[in-house]
Amino acid sequence: NNETSVPQLLIRDLKFEKKSLAKLMFSPDQENHPSKAPVKYGELIVLGYNGSLPNGDRGRRKSRFALFKRPKANGVKPSTVHIACTPQAAKAISNKDQHSISYTLSRAQTVVVEYTHDSNTDMFQIGRSTESPIDFVVTDTVPGSQSNSDTQSVQSTISRFACRIICERNPPFTARIYAAGFDSSKNIFLGEKAAKWKTSDGQMDGLTTNGVLVMHPRNGFTEDSKPGVWREISVCGNVFSLRETRSAQQRGKMVENETNQLQDGSLIDLCGATLLWRTAEGLSRTPTVKHLEALRQEINAARPQCPVGFNTLAFPSMKRKDVVDEKQPWVYLNCGHVHGYHNWGNKEERDSKDRECPMCRSVGPYVPLWLGCEAGFYVDAGPPTHAFSPCGHVCSEKTTAYWSQIPLPHGTHTFHAACPFCAHQLAGEQGYIRLIFQGPLD
């Protein structure tokens, strides 16, 4: 009978496909030893990019960076402290084959702290420099910039060797962040002007020029998340309240009961770019790009219509996320009514972005809608029902609500909420709006 023969046919075909599937899924090495899949500590995702850099991800310069357990530990920990009377003596102590941090106290005195190999940790370095010690090259984020040419003209405020993340090689694979990274000669050099001091136990510590700020969300990175408090992290990983301005000489107060340990959803600000840390476990609970694609197809399958032209609207595929499509949905940001593009309702003033909604007559900006494609920014797997204002990036209600509450550092002493997908400062009462689609009339 036909009912049994169909599954048998499928099973036979599957057996035949199994080998080629395995080749697709695993690298040759993993095919023989599936248990050898590398341990992932987590990922860093740069805010302001919707899934990839404008000119494409290349090498160490991309919109997200995964931290995997290294084949061989490369972590370091502090060991010997030397007090040198001259900068020349300090240079002699800090040998090129050994990591060290030099603290210049005055022309007459430099303290050099030597670091020794730590077989229990892996170190990853982040900064603007393209030199080999940097694992993840990060450049300044220009809100809404569509190409890298827009970003290069700005004088960068991101440090060349901005910070380092140290991950434990054994479970629970704790990740900790420290300000400053080691340069090509394995040195961190805090000059005379940098804020630095001796700690109560006789160790040295300091802050970098523009600082490394961290915010851990309350309740993890979930639909119940609430913003935490921004703190500054020192070169030795201690936690401080913020300085009065970004590069003030005077450090903030030490916060004894908080640590530099990253948690799912921690934000790291490098003064020019903000990174989101997602743990491997947190990412396993996050919607995948496939899930977002299914949601896109589901919305398009419902055939939303323009209430004026009655034409069917559709969100373009995730690959075409910068080019306005003729079927693209547009929204009136004051009321949330979704339309197709039309010239109706233009206000008299030339260059005015404000338009009058034909449905409810409310006047406000009229913008195309774009799906938020970077899955790591979603706090839940809800449907794309809300859009950030004024950029029109669409995602779940809980995700828009969460990001609209986060004060992101901007410049040297201000904070404002921004869309995680394009870094545009949010506008309007809430910073986002509920979308009102019109279904097909048939």
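Residues numbered from 1 in each chain as written. Predicted model: local features only at pLDDT ≥ 70, side-chain atom pairs only at ≥ 80, totals over all residues. Heavy atoms only, no water.

(A) Fine view of the nonpolar core. If you look at the biggest cluster of nonpolar residues, it comprises 46 residues, and the most contacted ones within it are L44, L67, I126, I165, I177, I268 and L270. Discounting chain neighbours no more than four positions away, the residues touching L44 are S63, R64, F65, L67, I126, F136, I165, I268, L275, L276 and W277. Ranked by size, the runner-up nonpolar core spans 30 residues in total, among them L267, F388, I406 and L408. (Core = buried A, V, L, I, M, F, W, Y, C linked by side-chain atoms within 4.5 Å. Buried < 20%, exposed > 50% of the residue type's maximum accessible area, 1.4 Å probe, protein only. Contact = heavy atoms within 4.5 Å.)

(B) Focus on the sheet that holds strand 5 (residues 109–118). What the 4 strands build is an open sheet, ordered 3-5-4-10; its pairing is mixed. Two strands bound the open sheet, and with one partner strand each, they are strand 3 (75–84) and strand 10 (187–190). On average, each strand axis in the sheet is inclined to that of its neighbour by 20°, with strand direction left out of account. Across 4 bridges, strand 4 (residues 100–106) lies against strand 10 in parallel orientation. The residue bridging I101 from the neighbouring strand is I188, located in strand 10. (Pairing = 2+ DSSP bridges. Helix = DSSP H or I, 4+ residues; strand = E, 2+ residues; numbered from the N terminus. Axes fitted to C-alpha atoms, helices over the stretch in contact; angles between N-to-C directions.)

(C) Spotlight on the environment of P143. By secondary structure assignment, the location of P143 is in the loop between strand 7 (136–137) and helix 4 (148–152). Placed 278 residues apart in sequence, P143 and F421 show a C-alpha to C-alpha distance of 9.4 Å. Ignoring sequence-local partners within four residues, the contact set of P143 consists of C422, A423 and H424.

(D) Spotlight on the side chain of K196. Assignment of secondary structure puts K196 in strand 11 (residues 196–198). Here T104 takes part through its backbone oxygen, which lies 3.0 Å from a polar atom of the side chain of K196. A distance of 3.0 Å separates a polar atom in the side chain of K196 from the backbone oxygen of A194. Residues in contact with K196, not counting those within four places in the same chain, are Y103, T104, L105, L190, G191, D205 and G206. (Polar contact = N/O pair within 3.5 Å; in protein donor to acceptor, adjacent residues only side chain to side chain.)

(E) How the structure looks around unusual backbone geometry. The omega torsion across P171 and P172 is 5°, close enough to zero to call that bond cis. Along the chain, P172 falls in the loop between strand 8 (163–168) and strand 9 (175–179). Within the chain, R303 stands out as a residue other than glycine whose phi angle is a positive 50°. Along the polypeptide, R303 turns up in the loop between helix 6 (289–301) and strand 18 (330–332).

(F) Examining the packing of aromatic side chains more closely. A full pass over the atoms with the stated rule returns 17 aromatic pairs. Where W230 meets F415, the ring centres are 6.5 Å apart and the plane angle is 40°; that geometry is what we call tilted. Placement of W230 in the loop between strand 13 (212–215) and strand 14 (231–233) and of F415 in strand 26 (residues 414–416) is noted, with a sequence separation of 185 residues between them. Note on W330 and Y341: the rings are 4.6 Å apart at their centroids and 50° apart in plane angle, and the pair reads as tilted. Note that W330 is positioned in strand 18 and Y341 in the loop between strand 19 (338–339) and strand 20 (354–356), a separation of 11 residues in sequence. The partly exposed category is assigned to Y341, whose relative accessible area is 46%. For R251, the ring lying beneath its charged end belongs to W197, and the centroid distance is 4.3 Å. (Phe/Tyr/Trp six-rings, centres within 6.5 Å; stacked < 30°, edge-to-face > 60°. Lys NZ or Arg CZ within 6 Å of the ring centre and 35° of its normal.)

(G) Focus on the pattern of salt bridges. According to the stated counting rule, one finds 15 salt bridges in the structure shown. One salt bridge in this structure joins R160 and E131, with 2.9 Å as the shortest N-O distance. You can see R160 sitting in the loop between helix 4 and strand 8 and its partner E131 sitting in the loop between strand 6 (121–127) and strand 7, a full 29 residues away along the chain. Residue E131 is classed as partly exposed on the basis of its relative accessible area, which comes to 28%. A salt bridge links R296 to E293; its shortest N-O distance comes to 2.9 Å. (Salt bridge = Lys/Arg side-chain N within 4 Å of Asp/Glu carboxyl O.)

(H) Inspection of helix 7 (residues 397–404) at higher detail. Regarding helix 7, the residues found buried are T399, T400, Y402, W403 and S404. Here the buried face of helix 7 lies against strand 13, strand 16 (267–269), strand 17 (274–279), strand 23 (386–388), strand 24 (393–395) and strand 27 (432–434).

(I) Representation of the confidence of the model for the protein chain in the model. Looking at the protein chain as a whole, its pLDDT mean stands at 86, while 85% of the residues score no less than 70. Confidence drops under a pLDDT of 50 for residues 146–151, and excluding neighbours within four residues, the segment shows 11 contacts in the predicted structure. (pLDDT = per-residue confidence, 0-100.)

(J) Representation of the environment of P440. Inspection of the secondary structure puts P440 in the segment after strand 27. We classify P440 as partly exposed; its relative accessible area is 28%. Separated by 130 residues in sequence, P440 and F310 have C-alpha atoms that sit 8.1 Å apart. Excluding its chain neighbours within four sequence positions, the residues that come into contact with P440 are A302, R303 and Q305.

(K) Region of the structure containing helix 6. Given a rise of 1.5 Å per residue, 13 residues ought to cover 18 Å, and the 18 Å separating the end C-alpha atoms of helix 6 matches this to within 8%. Considered for burial, the residues of helix 6 that qualify are L292, L295, R296, I299 and N300. One side of helix 6 holds all its buried residues, which, seen down the axis, span an arc of 135°. Opposite the buried face of helix 6, at more than 90 degrees from it, the exposed residues are K290, E298 and A301. Just downstream of helix 6 lies R303, where phi reads positive at about 50°. (Expected span 1.5 Å × (residues − 1). Arc of directions from axis to C-beta.)

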